Amino acid sequence: MTAVPAAEPQLLDPAVLARISDLELVARTVVDGFLAGLHRSPHLGVSTDFAEHRAYSPGDDVRRVDWKLYARTDRHFVKEFEAETNASVAVLLDVSASMGYGSGAVRKLDYARVLAACLLYFSQRQRDRVALSTFDADVVDHVPPSTRHLPQALHALGRARAGAPGDLPTALRRLAESYRRRGVLVVVSDLYAEPDDIVNALHALRGPGSEIVVMHLLDPAELEFPFEDPAAFQDMEGDDALPVLPPAMRDRYRTLVREHMATLRRRLGEAGMDYFLLDTRRPIDAALHEYLSVRERLARTR
């Protein structure tokens, strides 16, 4: 297979990326090009300074057991290093029916799958443990945090499909049990739920020392409502269809969408969570810049 050249701007076009079935190739191309374009590399999460001990758990590498401490305490402890104390990165991806919408060449889920693959690949490049969960009204797929789980996560992304109705708050609460360890949780969703319910669910998801990054993904038509002809608009999460005269509804619709986004931004900011709006026209590297700004801030305050 011929490698796709990195750092060519047209390759960051979501419509181009969505047509490439090999998510690892897409992620490597985008992330390597993105890193090459930075003036400096942040090298987040690569410190090897000793940080702390924790109790041995089945599956831990026995080479990391502190045998001197064992000789003194008769108990098994594993050494953790600074890079590992806040270096689990999990992408929580909404795969509910509404994520299957796309007014142009790219559906929201197509964009989200590529975005998730790039975030996970980037995180592994920084030596983070990576994890993935997909959800609709319940957890659909779950790949637990590990430095070795990128292939499993990419495979799960490859089989992700939008189809079932969603219940974002309920799904996030159910995922809380899977993410008790300190880390960064990146939620990628169109956020079709009441802001209060979303924020309350994210509070339940957020464990001690964890950081929440919310990437609000919308199609351009959901932002602008450009339709002209009378039509029955189908609810993608249910069976209801509503007859609409788009020109008469456009201003009111746009106002409600702006209010929803403003409320989410304000409430999440008050809760100490990061919020970014993305639409499916934006190149994937824009989302990586947003994410990198969060990781650099966390590295400075850690």
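See the structure above.
Residues numbered from 1 in each chain as written. Predicted model: local features only at pLDDT ≥ 70, side-chain atom pairs only at ≥ 80, totals over all residues. Heavy atoms only, no water.

### Notes on the nonpolar core
Right, so step 1: If you look at the biggest cluster of nonpolar residues, it comprises 50 residues, and the most contacted ones within it are Leu115, Leu157, Val186, Val188 and Met215.
Right, so step 2: Element by element, the count of residues in this core is highest for helix H4 (residues 108–125), at 12 residues.
Right, so step 3: Every residue in contact with Val186, bar those within four places of it in the chain, is listed here: Ala90, Val91, Leu92, Leu119, Val213, Met215 and Tyr291.
Right, so step 4: If you look at the next biggest cluster of nonpolar residues, it comprises 30 residues, including Leu92, Tyr179, Ile198 and Leu264. (Core = buried A, V, L, I, M, F, W, Y, C linked by side-chain atoms within 4.5 Å. Buried < 20%, exposed > 50% of the residue type's maximum accessible area, 1.4 Å probe, protein only. Helix = DSSP H or I, 4+ residues; strand = E, 2+ residues; numbered from the N terminus. Contact = heavy atoms within 4.5 Å.)

### A closer look at the sheet that holds strand E7 (residues 211–218)
Right, so step 1: If you walk across this open sheet you meet the 6 strands as E5-E4-E3-E6-E7-E10, and the pairing is mixed. Looking along the sheet, the strands with just one partner apiece sit at the ends: strand E5 (139–146) and strand E10 (274–279). Direction aside, neighbouring strands of the sheet carry axes that sit 15° apart on average.
Right, so step 2: Where strand E3 (residues 88–94) meets strand E6 (residues 184–189), 5 bridges bridge the pair, whose relative direction is parallel. Paired with Ala90 across the bridge in E6 is Leu185. (Pairing = 2+ DSSP bridges. Axes fitted to C-alpha atoms, helices over the stretch in contact; angles between N-to-C directions.)

### A short note on the packing of aromatic side chains
Right, so step 1: Scanning the entire structure with this criterion turns up 6 aromatic pairs.
Right, so step 2: Relative to Phe227, the ring of Phe225 lies with its centre 5.3 Å away and its plane at 80°, an arrangement referred to as edge-to-face.
Right, so step 3: Overall, Phe225 belongs to the buried group, its relative accessible area being 7%.
Right, so step 4: Seen in terms of ring centroids, Phe227 and Phe233 are 5.2 Å apart; in terms of plane orientation they differ by 70°. Their pairing is edge-to-face.
Right, so step 5: Connected via pairs of aromatic rings, a cluster forms that spans Phe225, Phe227, Phe233 and Tyr253. (Phe/Tyr/Trp six-rings, centres within 6.5 Å; stacked < 30°, edge-to-face > 60°.)

### Notes on the pattern of salt bridges
Right, so step 1: Applying the stated criterion across every chain, the model contains 15 salt bridges.
Right, so step 2: Among the salt bridges present, the one from Lys108 reaches Glu222, with a minimum N-O distance of 2.7 Å. Of the two residues, Lys108 sits in helix H4 while Glu222 sits in helix H8 (residues 220–224), which places them 114 residues apart along the sequence. Both residues of the pair, Lys108 and Glu222, count as buried.
Right, so step 3: Between Glu290 and Arg282 there is a salt bridge, with its nearest N and O atoms 3.8 Å apart. (Salt bridge = Lys/Arg side-chain N within 4 Å of Asp/Glu carboxyl O.)

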